[in-house]
Amino acid sequence: MDLELDGARVVVTGASRGIGRAIAGVFAGEGADLAICARSAEPLEQAAEELRGTGRTVIAEALDVADPAALRGFVDRAATGLGGIDVLVSNVSAGSSATPDQWERNVATDLMPFVRMCEYAEPYLAASSRGGSIVLISTTSALHTGPPSGPKAYGPVKAALNHYAASLARTLPAKGIRVNTVSPGPIEFEGGGWARRRTDAPDFYESIRSAIPMGRLGRPEEVARAVAFLASPAASFITGANLVVDGGFVDRI
């Protein structure tokens, strides 16, 4: 299937590693030009250099998405450098610890940047000749309270994001913008949380792995391909979807 992404102008946050890096890679492979950001400069620039090897334009900025001025500047510079924005992918998180201040960090880093970024990017997305597309990267922890979710900030804040994205999905199509969500289950990659748990908490890791009907944790590229499809003109009549990519982990209809 041709996703019709050649020449698309795509913004991806949290793109230096893991799922975000894989998303950027899939879009570049489909012929899209990119503006990417992450907090740490060195891994971000390494990712940018690798992506430029595909022959695509790649703009990279290290910034804290919780800083409204920095985030607005990044979106505006991305639109200027790419000549517009067709796709916006929000992939950031402050983590999932159970400490009391984690709630404030998740609201500041997960929730508010998505709200602001949708506002900042809306005029550019509405002007897209391809039709604008927003994809929120959420989590299956927003859909259930069992392990590894539990009484922590991560799942509830992502659930709030799901609600907001679904609401935008009903209001923004009038401006030519679709909004969808992708909810990964446990995803493993080198240097990521599940790779650490496999070593540091093998019993917990195995309890989660054994609960996945496909018998393994997911890979970043499996999430990335779902994102590219939903963002593309191939999914032109889809808005308000929450595509779960979890190997059957969450037991729901």
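Keep in mind it's a predicted model, so treat the numbers as computed, not measured.

1. Description of the overall build of the protein chain
Regarding its fold elements, the protein chain presents eight helices and seven strands. What you see for the protein chain is a C-alpha radius of gyration of 17 Å, in line with the 18 Å of a compact globule of 253 residues. Seen through its principal axes, the protein chain has C-alpha atoms that stretch 50 × 40 × 40 Å. Each of the 253 residues in the protein chain was classed as buried or not, and the buried ones make up 49%. Of the accessible surface of the protein chain, which amounts to about 11200 Å², a share of 53% is contributed by carbon and sulfur atoms. Here the protein chain contributes 24 positively and 28 negatively charged side chains, and the mean placements of these two sets differ by 3 Å.

2. Let's talk about the pattern of salt bridges
As enumerated under the stated definition, the model contains 16 salt bridges in all. Where R105 meets D101, a salt bridge forms, and the shortest distance between an N and an O atom there is 2.7 Å. For R105, a relative accessible area of 34% translates into the label partly exposed. Overall, the relative accessible area of 38% leaves D101 in the partly exposed class. The closest approach of N and O atoms between E222 and R219, which form a salt bridge, is 3.2 Å. The network of salt bridges with common partners includes R216, R219, E221 and E222.

3. Some thoughts on the sheet that holds strand β3 (residues 58-62)
Here we have seven strands laid out as an open sheet, ordered β3-β2-β1-β4-β5-β6-β7, and parallel in their pairing. On the outer flanks of this sheet lie β3 and β7 (242-245), each paired with one strand and no other. Direction aside, the axes of adjacent strands within the sheet are offset by 15 degrees on average. Two strands pair when backbone bridges link them, and strand β1 (residues 9-13) and strand β2 (residues 33-38) are joined in this way by five bridges, in the parallel orientation.

4. Focus on the environment of A32
Looking at the secondary structure, you find A32 in the loop between α1 (18-29) and β2. Separated by 17 residues in sequence, A32 and E49 have C-alpha atoms that sit 15 Å apart. Here A32 is in contact with L5, G7, A8, V10, F27 and R56, once residues within four sequence places are set aside.

5. Remarks on the environment of T239
Topologically, T239 is positioned in the loop between α8 (220-231) and β7. Exposure remark for T239: the relative accessible area of 34% places this residue in the partly exposed category. Taking the C-alpha atoms as reference points, T239 and S133, separated by 106 residues in sequence, lie 9.0 Å from one another. Residues in contact with T239, not counting those within four places in the same chain, are A169, P173, R178, V179 and N180. Reaching out from T239, the side chain makes a polar contact with the backbone nitrogen of V179 at a distance of 3.1 Å.

6. Examining the packing of aromatic side chains
Here the distance between the centres and the angle between the planes together describe a pair of aromatic rings. In this structure the tally under the stated criterion is three aromatic pairs. Aromatic pair W194 and F204: ring centres 5.8 Å apart, planes at 15 degrees, arrangement stacked. Of this pair, W194 sits in helix α6 (residues 193-200) while F204 sits in helix α7 (residues 202-210); the two residues are 10 residues apart in sequence, bridging distant segments of the chain. Its relative accessible area of 9% is what places W194 among the buried residues. Through successive ring pairs, a cluster of aromatic residues spans W194, F204 and Y205.

Basis of the calculations
Residues numbered from 1 in each chain as written. Predicted model: local features only at pLDDT ≥ 70, side-chain atom pairs only at ≥ 80, totals over all residues. Heavy atoms only, no water. Helix = DSSP H or I, 4+ residues; strand = E, 2+ residues; numbered from the N terminus. Rg over C-alpha atoms; globule rule 2.2 N^0.38 Å. Buried < 20%, exposed > 50% of the residue type's maximum accessible area, 1.4 Å probe, protein only. Areas by Shrake-Rupley, 256 points an atom, 1.4 Å probe, with all protein chains shown as cover. Lys, Arg positive; Asp, Glu negative; His and termini not counted. Charge placed at Lys NZ, Arg CZ, Asp CG, Glu CD. Salt bridge = Lys/Arg side-chain N within 4 Å of Asp/Glu carboxyl O. Pairing = 2+ DSSP bridges. Axes fitted to C-alpha atoms, helices over the stretch in contact; angles between N-to-C directions. Contact = heavy atoms within 4.5 Å. Polar contact = N/O pair within 3.5 Å; in protein donor to acceptor, adjacent residues only side chain to side chain. Phe/Tyr/Trp six-rings, centres within 6.5 Å; stacked < 30°, edge-to-face > 60°.

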